[in-house]
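These are the residues of each chain, in order.
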Amino acid sequence: QVQLVESGGGLVQPGGSLRLSCVASGSIFRINAMGWYRQAPGKQRELVATIASGGSIEYADSVKGRFAISRDNAKNTVYLQMNSLKPEDTAVYYCNAEGVVVTTIIRPFASWGQGTQVTVSS
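Analysis parameters
- Residues numbered from 1 in each chain as written.
- Predicted model: local features only at pLDDT ≥ 70, side-chain atom pairs only at ≥ 80, totals over all residues.
- Heavy atoms only, no water.
- Core = buried A, V, L, I, M, F, W, Y, C linked by side-chain atoms within 4.5 Å.
- Buried < 20%, exposed > 50% of the residue type's maximum accessible area, 1.4 Å probe, protein only.
- Helix = DSSP H or I, 4+ residues; strand = E, 2+ residues; numbered from the N terminus.
- Contact = heavy atoms within 4.5 Å.
- Pairing = 2+ DSSP bridges.
- Phe/Tyr/Trp six-rings, centres within 6.5 Å; stacked < 30°, edge-to-face > 60°.
- Lys NZ or Arg CZ within 6 Å of the ring centre and 35° of its normal.

Peer 1: Any chance you could explain the nonpolar core here in plain terms?
Peer 2: One recurring pattern in soluble globular proteins is that nonpolar side chains are buried together. Counting residues in each nonpolar core, the largest one holds 30 residues, and the members touching the most others are W36, V48, F67, V78, L80, M82 and Y93. Considering each element in turn, this core owes the most residues, five residues, to strand β9 (residues 91-102). When near neighbours in sequence (up to four residues on either side) are disregarded, V48 contacts W36, Y37, R38, E58, Y59, A60, V63, F67, L80 and Y93.

Following this line, the structure appears as structure tokens:
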């Protein structure tokens, strides 16, 4: 199984910046897509940004131009640079990854982290 651990959340003023990190560990053969989702109180989880192994990136319209996703394949890590933060960005941010693991056989995986809190407030 693959474990994901997020870090970098915190309290920031509107207009400020944060950088989130997510490290994947386990018997990873290959990671295809990695991404960030967020969930605000009383709301369902929504996609923020994804990055595929081929380099293609997609952003939610609400964060386009403000957030940037990147990955370091050698470290099995995905990052989310968040700039010009707004109060509506307040949420728990979750990392996810899908790909292939290998133990006795190869098989696909899809995993979620436990989340990191981002609060944007004056």
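Peer 1: How should I be thinking about the pairing of strand β7 (residues 67-72) in this particular structure?
Peer 2: Across the two faces of β7 the burial differs, with F67, I69 and R71 buried and A68, S70 and D72 not buried at all. Where β7 lies against strand β8 (residues 77-82), six bridges are found, and the strand directions are antiparallel. For R71, the partnering residue across the bridge sits in β8 and is V78. Counting the residues between successive antiparallel strands, the hairpin from β7 to β8 contains four residues, one of them, N76, with a positive phi of roughly 50°.

Peer 1: Before we go on, may I ask you to explain unusual backbone geometry in this structure?
Peer 2: Residues other than glycine predominantly adopt negative phi, and peptide bonds predominantly adopt the trans conformation. Look at N76: it is not a glycine, yet its phi comes out positive at around 50°. Tracing the sequence through the fold places N76 in the loop between β7 and β8. Residue N76 is classed as partly exposed on the basis of its relative accessible area of 24%. Of note, the phi angle at S84 is positive, near 50°, even though the residue is not glycine.

Peer 1: What is the right way to read the packing of aromatic side chains from this model?
Peer 2: The relation between two aromatic rings is expressed through the spacing of the ring centres and the mutual angle of the planes. Counted according to the given criterion, the structure contains one aromatic pair. Between Y37 and W112 the ring centres are 4.9 Å apart and the planes differ by 70°, which places this aromatic pair in the edge-to-face class. Here Y37, found in strand β4 (residues 28-39), pairs with W112, found in strand β10 (residues 106-112); they are 75 residues apart in sequence, far enough to count as distant. Classification of W112 as partly exposed rests on a relative accessible area of 41%. Here R45 stacks its cationic end above the ring of W112, 4.6 Å away from the centre of that ring.

Remember, this is a structural readout, not a statement about activity or role.
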